[in-house]
Amino acid sequence: MPELTRMTWREVRAAAGGSAVAGTAPQLAADRSTGASDSAVAGSGPQLAADRPMGGSGAVPAGSQGKSAADRPMGGSGSVPTSPQSQPATHPSTGAIALLPIGSQEQHAAHLPMGTDTMLAEAVVDGALARLGGEPAVVRLPSLPFGHSPHHLFAAAVSLSAATLSAVLADVLDSLVVSGFRRVLVVNGHGGNDEIMRLAVKQHALRADVALAACSYWSLGEGGSPGHAGAFETSLMLAARPELVRERVPHPAVTPPPLFDQPPYPGLTVERHGEWARVGGSTDDATAATAERGQDLLAARVTALAEAVRAFDAATRESHGHRTHGEP
């Protein structure tokens, strides 16, 4: 199973089905200013979506190359023009799916490590890829270890703002597309990332000719809500990384219960100031966790993700997998 971090750029291009010649990727619609003409500035190379001003008049300002997505003005309007230049590189028969795990570094009560969300996303991803056995072809990226965790800064977290995480995901997706990938799956391990991740995928698919997918590992199949640092996550950690689980103490009853975990009406999202600190960053009793339950939960999540990858491949193989762009 290829890991992108171990691959040369030529191997990455070959796996993605793109050109193996540096600098030959055409400019994406996502790479130029909204309303811009189809001609690229000579010598500028493919400008990433993260580098363009949003809602501009069409010209790329001098000296703007290399500006990050977080630096560009937001809220622009206008349609994205289409042309032969707005298409990604040609893609021969490989057409691998790039898979990006994302997690967080944040407090998980007193018994689980800061990287729990990242580790569990990786455990599910790696189990699923082993289950798939190389079919379909998947290139696993290094995990993005930071997420949107301001609600855990009362204790400890390394948190990205929503705007920064959105910009990072946009830049990663841009880079993958320019590198030749046309199919990307993002697998999330942290609840605070979920909405941001899904929005990033939706927005990018409007700008570039790609097929993108996203999920949180617990949302596939059956298995219930993961809570936070309680029986679900602790059981998984006892199965996946038992050496990192510290001594657990009973979770005291909290009155009133936190509304973020127990909303007053089904389907309603409620956030009340100070509740994460009030419950100590844990939603339920971790002493109920067992390695046996964790093994069952992990096996179910692995199976569900493997099935999801196969389904994503089957649904997008014809449009964005094996065909060279432009073939009927």
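As a starting point, this report considers the structure included with it. For every chain, the first residue of the written sequence is number 1, and numbering continues from 1 onward in sequence order. Reporting in this predicted model follows two pLDDT cut-offs: at least 70 for local features of residues, and 80 or more for side-chain atom pairs to be given and counted; totals over whole chains, interfaces and linings ignore these cut-offs and use all residues. Note that water and hydrogens are dropped before the side-chain values are worked out from all heavy atoms of the structure.

**Some words on the nonpolar core**
Turning to step 1, where the next piece is worked out: Leu 99, Leu 185, Val 187, Tyr 217, Leu 236, Leu 305 and Val 309 are the most contacted members of the largest nonpolar core, which totals 33 residues.
Turning to step 2, where the next piece is worked out: At the level of secondary structure, the elements contributing two or more residues to this core comprise strand 1 (97-102), helix 2 (116-132), strand 5 (183-188), strand 6 (211-216), helix 5 (231-240) and helix 7 (291-321).
Turning to step 3, where the next piece is worked out: Elements are defined by DSSP. Helices are runs of H or I of four residues or more, strands are runs of E of two residues or more, and each kind is numbered from the N terminus. The element best represented in this core is helix 7, accounting for 8 residues.
Turning to step 4, where the next piece is worked out: Contacts are assigned to residue pairs with any non-hydrogen atoms lying within 4.5 Å of each other. Contacts of Leu 236, omitting those with residues within four sequence positions, involve Leu 120, Tyr 217, Arg 241, Gly 294, Leu 297 and Leu 298. The criterion is simple. A nonpolar core is a set of buried Ala, Val, Leu, Ile, Met, Phe, Trp, Tyr and Cys residues joined through side-chain atoms within 4.5 Å. Buried, partly exposed and exposed residues are distinguished by accessible area as a fraction of the type maximum, computed with a 1.4 Å probe on protein chains only: under 20%, between the cut-offs, and over 50%, respectively.

**What to know about the sheet that holds strand 6**
Turning to step 1, where the next piece is worked out: DSSP calls a pair of strands paired once it identifies at least 2 bridges connecting them. In spatial order, the strands read 3-1-5-6; together these 4 strands make up an open sheet with parallel pairing. Of all the strands in the sheet, the pair left with one neighbour each is strand 3 (138-140) and strand 6. Across this sheet, the average inter-strand angle for adjacent strands is 20°, counted without regard to direction.
Turning to step 2, where the next piece is worked out: In the sheet, strand 1 pairs with strand 5 via 5 bridges, with the strands oriented parallel. Its bridge partner being in strand 5, Leu 99 is matched across the sheet by Leu 185. Axis geometry follows a simple rule: fit a line to the C-alpha atoms, using only the stretch in contact for helices, then measure angles between N-to-C directions, giving values from 0 to 180 degrees.

**Some thoughts on the side chain of Thr 283**
Turning to step 1, where the next piece is worked out: Among the secondary structure elements, Thr 283 is positioned in the loop between helix 6 (275-278) and helix 7.
Turning to step 2, where the next piece is worked out: Of the polar contacts made by the side chain of Thr 283, one reaches the backbone nitrogen of His 228; its length is 2.8 Å.
Turning to step 3, where the next piece is worked out: Think of a polar contact as two N or O atoms within 3.5 Å of one another; within protein, one of them needs to be a possible hydrogen donor and the other a possible acceptor, and neighboring residues in sequence only count if both atoms come from side chains. Polar side-chain contacts of Thr 283 include one of 2.7 Å to the side chain of Asp 284.
Turning to step 4, where the next piece is worked out: Those residues in contact with Thr 283 that lie beyond four places of it in its chain are Gly 227, His 228, His 251, Phe 260 and Asp 261.

**A short note on helix 5**
Turning to step 1, where the next piece is worked out: Within helix 5, 8 of the 10 residues are buried, which leaves the element mostly enclosed by the surrounding structure.
Turning to step 2, where the next piece is worked out: If you check which residues of helix 5 are buried, you get Ala 231, Phe 232, Glu 233, Thr 234, Ser 235, Leu 236, Met 237 and Leu 238.
Turning to step 3, where the next piece is worked out: In this fold, the buried residues of helix 5 make contact with helix 2 and helix 7.

**Considerations on the pattern of salt bridges**
Turning to step 1, where the next piece is worked out: One side-chain nitrogen of Lys or Arg within 4 Å of one carboxyl oxygen of Asp or Glu is enough to make a salt bridge. Evaluation of the coordinates by the stated rule reveals 9 salt bridges.
Turning to step 2, where the next piece is worked out: Asp 126 is the partner of Arg 140 in a salt bridge, and the nearest nitrogen-oxygen pair spans 2.7 Å. With a gap of 14 residues between them, Arg 140 in strand 3 and Asp 126 in helix 2 connect regions that are remote in the sequence.
Turning to step 3, where the next piece is worked out: What makes Asp 126 partly exposed here is its relative accessible area of 32%.
Turning to step 4, where the next piece is worked out: Note that Arg 182 and Asp 209 form a salt bridge whose closest N and O atoms lie 3.2 Å from each other. Separated by 27 residues along the polypeptide, Arg 182 in the loop between helix 3 (162-178) and strand 5 and Asp 209 in the loop between helix 4 (194-207) and strand 6 bring together distant segments of the chain.
Turning to step 5, where the next piece is worked out: Where salt bridges share partners, they join Glu 122, Asp 126 and Arg 140 into one cluster.

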